[in-house]
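Listed below, chain by chain, are the residues.
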Amino acid sequence: MKIFSLALIAILSTVHAAFASSDEPAPPEPTVLESFVAKPTVVLDLAEVVGSLRSSDASVAVAAVIASDSARPGERMKGVRFVMENDTGVDQVYLDEAQLTLLIEDLAAIDGGIAELKAEGGAPIRVQGTGACWMPARPMRILCPSYRVGPDCTGMHLAAYGSSRGFIYPKQRPAELKALVEQAIARLQMP
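Residues numbered from 1 in each chain as written. Predicted model: local features only at pLDDT ≥ 70, side-chain atom pairs only at ≥ 80, totals over all residues. Heavy atoms only, no water.

### A few points about the environment of Leu107
Reasoning step 1: The topology assignment puts Leu107 in helix H3 (residues 97-112).
Reasoning step 2: On the basis of relative accessibility, which here comes to 0%, the residue Leu107 falls in the buried class.
Reasoning step 3: Apart from residues no more than four positions distant in its own chain, Leu107 is found in contact with Pro145, Pro174, Leu177 and Lys178. (Helix = DSSP H or I, 4+ residues; strand = E, 2+ residues; numbered from the N terminus. Buried < 20%, exposed > 50% of the residue type's maximum accessible area, 1.4 Å probe, protein only. Contact = heavy atoms within 4.5 Å.)

### With respect to the sheet that holds strand S6 (residues 143-149)
Reasoning step 1: Judged by pairing direction, the sheet is antiparallel, and its four strands sit side by side in the order S5-S6-S7-S8 without closing on themselves. Looking at the sheet topology across the chains shown, the edges are occupied by strand S5 (126-128) and strand S8 (167-169). On average, adjacent strands in this sheet sit at an angle of 30° to one another, irrespective of strand direction.
Reasoning step 2: Here S6 runs beside strand S7 (residues 155-160); their pairing, made up of six bridges, is antiparallel. Counted as the bridge partner of Arg148 is Gly155 from S7. (Pairing = 2+ DSSP bridges. Axes fitted to C-alpha atoms, helices over the stretch in contact; angles between N-to-C directions.)

### What about the sheet that holds strand S3 (residues 76-86)?
By definition, the strands of a sheet pair up through backbone hydrogen bonds, in either a parallel or an antiparallel sense.
Reasoning step 1: One open sheet holds the four strands; their spatial order is S1-S2-S3-S4, and the pairing between them is antiparallel. Only two strands of the sheet have a single partner each, and these edge strands are strand S1 (42-54) and strand S4 (89-96). Taken over all neighbouring pairs, the strand axes of this sheet differ in orientation by 20° on average, direction set aside.
Reasoning step 2: Docked against the sheet, H3 engages S3 and S4, running at close to 105° with respect to S4.

### Thoughts on H3
Reasoning step 1: End to end, H3 covers 23 Å across 16 residues, agreeing with the expected 22 Å (1.5 Å per residue, within 8%).
Reasoning step 2: The complete set of buried residues in H3 reads Gln99, Leu100, Leu103, Ile104, Leu107, Ile110 and Asp111. Take H3 and look down its axis: the buried residues cluster within an arc of 145°, on one side only. Along H3, the residues that are exposed and aim more than 90 degrees away from the buried face are Ala98, Leu102 and Gly112.
Reasoning step 3: In the core, the buried residues of H3 are packed alongside S3, S4, helix H4 (114-119), S5, S6 and helix H6 (174-189).
Reasoning step 4: The opening residue of H3 is Asp96, an N-cap whose side-chain oxygen sits 3.2 Å from the backbone nitrogen of Ala98. (Expected span 1.5 Å × (residues − 1). Arc of directions from axis to C-beta. Polar contact = N/O pair within 3.5 Å; in protein donor to acceptor, adjacent residues only side chain to side chain.)

See below:
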């Protein structure tokens, strides 16, 4: 028994040392649309705010974006820009059309689970979010929506993946953001 305990202590010490000396995780990559828009030769052909959500704590503006590369005629990308703002700062996220499809599904699932989340007992703070943000296959600066229930923070919460800044919307539901995203997608389809 004593040998096993000493061996276990040695193994745990080795594991702890490995984790203690490991580097910090790399910051998330920008999305493809964010990288594209950041190029110096790219111009925004469209950047139209379709709506916003505002609370006493934060705001989020949702804009349809079409960008083209002046150095490479014919190279264009479409998507949505989310600009989140509160008293501590501003953050923005660019999502392309494929990412928007996933976001709409996530917002619908979160909104559909709010009643159950509020009814659950046990933990004083409960959160429902998305697997893409909690266990990403590829860390990328996507929009991470969640709904939180707690004594001080019931409401929708938005953040860019990897950001330490979060934005709280106590009176808004994910369905409201979903509607704005759908409006932005509809605007991208117009000539």
